[in-house]
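Remarks on the overall topology
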Amino acid sequence: MPAGGALVGREIDDLDPILIENGPFQELPISILQSFVVPVIVLRPSTISLIGTAFNIAPGGLFVTAKHVVDEALAICNQDPGSWIAVLWMTSGSDHEDVEDLLGGQIPVKLIQVSESHDVALLQTAQLFKDEEPVNFPVCRLDTRVPEIGTPVLGVGYTKMDVVRHHNTPELRDVSVEQSCHSAHGVVTEVFPAGRDSVMIPFPAFSSSARFDPGMSGGPVFSGDSAKVCGVVCSSVGMGESTDEYISYAAMALNVLTLDVTTDQAKGESATLYELVRRGIVIADDNFKSIKLSDGGDGKKHLTFPGPGAGDSDSGSDRVGDP
């Protein structure tokens, strides 16, 4: 996609315009990236808190993040009545001329879906309008493959947020912040198609040498320099005892396929994200056609998917479940 193209409601298919260099960990300039990778925040009556990062996968506003980000946000809301969860969105780079009088702001999260056993969650936001027409968000494509060891990866997320101005009245809440968005380069070091363990990471995941700092949780992990998201930032334990590389973990992107999405709140209708990909509402890679979602008869949804390097074949497949 040309750097000067209109991006609202379009798939981001190239990271080159973001001007990311191959540094291991660096702060990023304002670019089109911030139009689909956003901070997750909690607005309290008197303050604002950065909780984590999310990224958008559907034009109407369907953001993927980590379950532990949602858990922390909900805990704050329960402790501080009057608080609410939102994402901070802005049109940016070559994109902002498409919505001339809406450069961004706090978009309330209306619905939340979480996985009880996988560290992933979905945030459905309020619809934005301009001149009574819906404003669509840029989206990124899901990479549903199991990555191979040595695959280059790029994690992105917000490591801090400084509140420059905060004016809150019954008529208007005006918040001005400075965001610190960072990229983290690394390679896949281990792959856990059926989970690393039964407690901390019992879901399909991989580790990498990329540095994931606090606040980046829930952010996208891109496959190399492509705009396809292969993972969701999960956790980091810093440098290992016997190596000068970081050890960071990401949930595989395919984990989100089991989650339910509310399609009509008034009618109480919903569909799995797997079904939304089949309908073309959410975009995934060609490997998606080799993934199967089934009801195991035990109250769980089961994913069957090819193992690393299996391509589109079913050889070496793995099976995982979700309540």
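Notes on the structure follow. Residue numbers here run from 1 along each chain, matching the order of that chain's written sequence. Given that the model is predicted, a residue must reach a pLDDT of at least 70 before its local features are reported, and side-chain atom pairs must reach 80 or more before they are shown or counted; all residues, however, enter totals for whole chains, interfaces and linings. Only hydrogens and water are set aside; all other atoms, that is, all heavy atoms of the structure, feed into the side-chain values.

**Regarding the environment of Gly105**
Helix and strand assignments come from DSSP, with helices taken as H or I runs of at least 4 residues and strands as E runs of at least 2, each series counted from the N terminus. Summarising the element assignment, Gly105 is placed in strand E6 (residues 105-114). Aside from chain neighbours lying at most four places away, what touches Gly105 is Val87, Leu88 and Trp89. Should any heavy atoms of two residues lie within 4.5 Å, those residues are counted as being in contact.

**Here we look at the packing of aromatic side chains**
Here a pair means two rings of Phe, Tyr or Trp (six-membered ring of Trp) with centres within 6.5 Å. Their orientation is stacked below 30 degrees between planes, edge-to-face above 60, and tilted elsewhere. Inspection of the entire model under this criterion finds five aromatic pairs. Ring geometry for Phe63 against Phe137: centres 5.6 Å apart, planes inclined by 75°, an arrangement best described as edge-to-face. One end of the pair, Phe63, is in strand E4 (residues 62-65); the other, Phe137, is in the loop between strand E9 (133-135) and strand E10 (141-142), with 74 residues separating them in the sequence. Consider the rings of Phe192 and Tyr249, whose centres lie 6.4 Å apart with planes at 40°: the pair is tilted. Taken as a pair, Phe192 in strand E12 (residues 173-192) and Tyr249 in strand E16 (residues 246-252) lie far apart in primary sequence, 57 residues in all. Under the relative-accessibility criterion, Phe192 is labelled buried at 12%. Three or more aromatic residues joined by ring pairs form one cluster here, namely Phe63, Trp89 and Phe137. For a Lys NZ or an Arg CZ to count as sitting over a ring, it must be within 6 Å of the ring centre and within 35 degrees of the ring normal. Here Arg211 stacks its cationic end above the ring of Phe25, 3.9 Å away from the centre of that ring. Summary of the burial criterion: residues with accessible area below 20% of their type's maximum are buried, those above 50% are exposed, and those between are partly exposed, where the area comes from a 1.4 Å probe applied to protein chains only.

**A word on the pairing of E16**
Most of E16 is tucked away, with five of its seven residues classed as buried. The pairing of strand E13 (residues 205-208) with E16 spans four bridges and is antiparallel. Within the sheet, the bridge partner assigned to Ser208 lies in E16 and is Ser248. Strands are labelled as partners when DSSP assigns at least two bridges between them.

**Some details on the sheet that holds strand E5 (residues 84-89)**
The strand order E2-E3-E4-E7-E6-E5 describes a closed barrel built from six strands, whose pairing is antiparallel. Each strand of the sheet is rotated relative to its neighbour by a mean of 45°, with strand direction disregarded. In terms of strand pairing, E5 meets E6 through four bridges, oriented antiparallel. Residue Trp89 lies in a different strand from E6, and its bridge partner there is Gly105. Think of each axis as a best-fit line through the C-alpha atoms, taken over the contacting stretch in the case of a helix, with angles from 0 to 180 degrees between the N-to-C directions. The strands touched by helix H1 (residues 67-79) within the sheet are strand E2 (37-43), strand E3 (48-56), E4, E5, E6 and strand E7 (121-125), with E3 carrying the most contacts at an inclination of about 145°.

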